[in-house]
Amino acid sequence: MPTNRFARPAKPRDPVGMPPAWTPSSWRELIAGQQPDWPDANELEAVTKVLATYPPLVFAGEARSLRSALARVAKGEAFVLQAGDCAESFDAFSADAIRDKLKVILQMAVVLMYSSGVPVVKIGRIAGQYAKPRSAPTERIDGVELPSFRGHIVNDIAFNEAARHPDAQRLLTAYHQSSSTLNLLRAFAKGGFADLSRVHAWNQEFVNHSSEGRRYEQLADEIDRAMRFMKAAGVHTEDEPQLHEVDVFTSHEALILGYEEALTRQDSISGDWYDCSAHMLWIGDRTHQIDGAHVEFLSGVHNPIGCKLGPRVTPDEVVALCDKLDPDRDPGRLVLISRMGAENVTVMLPPLLEAVRDSGHPVVWECDPMHGNTFTAENGRKTRHFDHVLAEIAGFFLAHEAAGTWPGGVHVELTGDDVTECLGGAEEIVESQLDSRYETMCDPRLNARQSLDLAFRVAELLRR
Ligand code: PEP
Ligand code: CO
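Residues numbered from 1 in each chain as written. Chains lettered and ligands numbered in written order. Predicted model: local features only at pLDDT ≥ 70, side-chain atom pairs only at ≥ 80, totals over all residues. Heavy atoms only, no water.

Draft legend 1. Just the state of the cysteines, in detail. Scanning the entire structure with this criterion turns up zero disulfides. No disulfide involves Cys-367; its sulfur sits 14 Å from that of Cys-422, the nearest cysteine. As a non-bridged cysteine, Cys-422 has Cys-86 as the owner of its nearest cysteine sulfur, 11 Å distant. Take Cys-422: its relative accessible area is 0%, and that puts it in the buried class. (Disulfide = S-S within 2.5 Å. Buried < 20%, exposed > 50% of the residue type's maximum accessible area, 1.4 Å probe, protein only.)

Draft legend 2. Region of interest: the site of ligand 1. Residues in close proximity to ligand 1 include Cys-86, Arg-125, Lys-132, Pro-133, Trp-282, Gly-284, Asp-285, Arg-286, Lys-308, Arg-339, His-371 and Glu-413, which together make up its full environment. A distance of 2.7 Å separates an oxygen atom of ligand 1 from a polar atom in the side chain of Arg-339. Taking 300 Å² as the accessible area of ligand 1 by itself, protein coverage stands at 98%. The residue makeup of the shell around ligand 1, split by class, is three nonpolar, two polar and seven charged. (Near = heavy atom within 4 Å. Polar contact = N/O pair within 3.5 Å; in protein donor to acceptor, adjacent residues only side chain to side chain. Areas by Shrake-Rupley, 256 points an atom, 1.4 Å probe, with all protein chains shown as cover. Nonpolar A, V, L, I, M, F, W, Y, C, P; charged D, E, K, R; others polar.)

Draft legend 3. Focus on the coordination of the cobalt ion (ligand 2). Donor atoms from the polypeptide that bind the cobalt ion (ligand 2) are Cys-86 (SG), His-371 (NE2), Glu-413 (OE) and Asp-443 (OD), placed at 2.1 to 2.4 Å. We note that the donor set of the cobalt ion (ligand 2) lies within a single chain, spaced as C-x284-H-x41-E-x29-D. Here Asp-443 lies in the loop between strand 14 (409-413) and helix 13 (448-463) and His-371 lies in the loop between strand 11 (364-367) and strand 12 (375-376), a separation of 72 residues in the sequence. Judged on exposure class, the residue His-371 and its partner Asp-443 are both buried. (Donors = N, O, S within 2.8 Å, 3.2 Å for Na, K, Ca; no water. Helix = DSSP H or I, 4+ residues; strand = E, 2+ residues; numbered from the N terminus.)

Draft legend 4. Representation of the sheet that holds strand 14 within the structure. Here we have eight strands rolled up into a closed barrel, ordered 1-2-5-8-9-10-11-14, and parallel in their pairing. The sheet shows a mean angle of 25° between the axes of neighbouring strands, direction not considered. When strand 1 (residues 79-84) meets strand 2 (residues 120-125), the two strands line up parallel, connected through six bridges. Within strand 2, the residue paired with Ala-83 across the bridge is Gly-124. Relative to strand 11, helix 12 (residues 386-403) is tilted by about 155°, and along the sheet it contacts strand 1, strand 10 (334-338), strand 11 and strand 14. (Pairing = 2+ DSSP bridges. Axes fitted to C-alpha atoms, helices over the stretch in contact; angles between N-to-C directions. Contact = heavy atoms within 4.5 Å.)

Draft legend 5. Just helix 10 (residues 315-325), in detail. Those residues of helix 10 that sit buried are Val-318, Val-319, Leu-321, Cys-322 and Leu-325. Taken down its axis, helix 10 places every buried residue within 155° of arc, on the same side. Of the surrounding secondary structure, the elements contacted by the buried residues of helix 10 are strand 8 (280-283), helix 9 (293-300), strand 9 (305-309), strand 10 and helix 11 (345-359). (Arc of directions from axis to C-beta.)

Draft legend 6. Broad picture of the environment of Ala-163. Mapped onto the elements, Ala-163 comes out in helix 4 (residues 161-164). The class for Ala-163 is buried, based on a relative accessible area of 12%. In this structure the C-alpha to C-alpha distance between Ala-163 and Pro-39, which are 124 residues apart in sequence, comes to 13 Å. Aside from chain neighbours lying at most four places away, what touches Ala-163 is Asn-155, Asp-156 and Ala-158.

Draft legend 7. Representation of the pattern of salt bridges in the model. This structure, assessed with the given rule, holds 31 salt bridges. Arg-64 is the partner of Asp-267 in a salt bridge, and the nearest nitrogen-oxygen pair spans 2.9 Å. Here the residue Asp-267 occupies a position in the loop between strand 6 (264-266) and strand 7 (273-275), and Arg-64 occupies one in helix 2 (residues 60-74), the gap between them amounting to 203 residues. Owing to a relative accessible area of 12%, Asp-267 belongs among the buried residues under this scheme. For Arg-64, a relative accessible area of 28% corresponds to the partly exposed category. Beyond isolated ion pairs, a larger network of salt bridges with shared partners links Arg-125, Lys-382, Arg-384, Glu-413 and Asp-443. (Salt bridge = Lys/Arg side-chain N within 4 Å of Asp/Glu carboxyl O.)

Draft legend 8. Geometry of unusual backbone geometry. Backbone geometry at Asp-142 places phi at a positive 50°, although glycine is not the residue there. Relative to the helices and strands, Asp-142 is located in the loop between strand 3 (138-141) and strand 4 (144-147). Unusually for a residue other than glycine, Arg-329 sits at a positive phi of about 50°. With respect to the element layout, Arg-329 can be found in the loop between helix 10 and strand 10.

Draft legend 9. Spatial organisation of the pairing of strand 5 (residues 248-253). Of all the six residues making up strand 5, six are buried; the element is thus mostly covered by neighbouring parts of the structure. A two-sided burial pattern is seen for strand 5, the buried positions comprising Val-248, Thr-250 and His-252 on one face and Phe-249, Ser-251 and Glu-253 on the other. As paired strands, strand 2 and strand 5 are joined by four bridges and run parallel to one another. From the neighbouring strand, Gly-124 faces strand 5, where its bridge partner is Thr-250. Bridging between strand 5 and strand 8 involves three bridges; their strand directions are parallel. Paired with Glu-253 across the bridge in strand 8 is Trp-282.

Draft legend 10. Structural view of the packing of helix 9 against helix 10. Contact geometry for helix 9 and helix 10: axes closest at 9 Å, N-to-C directions at 40°. What the angle tells us is that helix 9 and helix 10 run oblique. Of helix 10, the residues touching helix 9 (which contributes Val-295, Glu-296, Leu-298 and Ser-299) are Leu-321, Lys-324 and Leu-325. Of the residues belonging to the contact of helix 9 with helix 10, the class tally is four nonpolar, one polar and two charged. (Parallel < 35°, antiparallel > 145°, perpendicular 65-115°, else oblique.)

Next comes the structure, spelled out in structure tokens:
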């Protein structure tokens, strides 16, 4: 029998005929899309070795709490709001910016919860959302070709050779910046800022006088009244932690696998592996190949995980992804995030919903109404229209109604700042205004007013 001198000897612990067992580094045997061309492999290895000695950013027990919360969503008893920047920046990193983003998320959650009566699981695209997949590895401007910007964990956005050079030291900066962002988030979430008695204080100055801001103020007045009523009726509201603090979980796209591997740790209680860089990790629409490195890596960690699904995916592929990522059919394990585009959603989503429903995987379905609705305005700015965002969410709800499945949540890109990146909304931002405050490093985000407006509209859909 001829021998293949290139074949690797089977690892001793793999039973004959079985695929190699999962380890935090088993992804290295497979093709990993969207990885930077790191110039110095030794430096990269040295950096990931340092990262592997650092403390975890989140704990396994917290990831398990999020799994339980998502299990309620999978059963149709709660709704998820996953929101934050497209790409967090190493430069725009102030306590105010973090606080303002949290304010919008808290406002949206309270609107959704109060108007629909459904509990809301809050997950930020925050404290680690630094890596971006790109449609082309290089970018050309005026005849000069440079590596594409891949997020601050890899390189810088300025268009010059030095800035675009992938720099492995940035992995360490990403860790430290995630750590301080998370520290502040935990303080805000548990230290009084998120107290329901402060519901008015989350409304920002520039939102206050808008129509959405006034609508929010009315709702906040009603919450105040409800709190006073509970007190008067003898409920010890001060002893109810749910009224004074919130759980805000963190998430990001698990794109740079060397970074994720270095932060993957074995839980001393369960013996299971967790990627301790965030509570939830997701696989992007460009990297969910069933035999690819990203799917392999996330199949073995026990965090709740997400997978983006764009218009090219087939029902068979989605069921295969469910089998690989959620073999135990565990509610709360897998979140499927559809991003079809407003025009496609009612045609393309139903066959996926039916296939997954019939396969028996108890997934959470989220709608990302942003990434399928991006276009370039005449002035060259990448943008999205608020009406298309709403239309995709409405189509998502319709498709779930027809399939008898639960529209589990929304996944949106937003900021607490007063930017002009997305068109439309109650303030009717038009193309000529895009330049005035266009600050995103990557995709256009809803501003605080548009986000609040969106929450009221989604609440109406949920109530129905
Ligand atoms: C993103 O969420 O920023 C993103 C790149 O999404 P997708 O993978 O769906 O294109
Ligand atoms: Co984006």
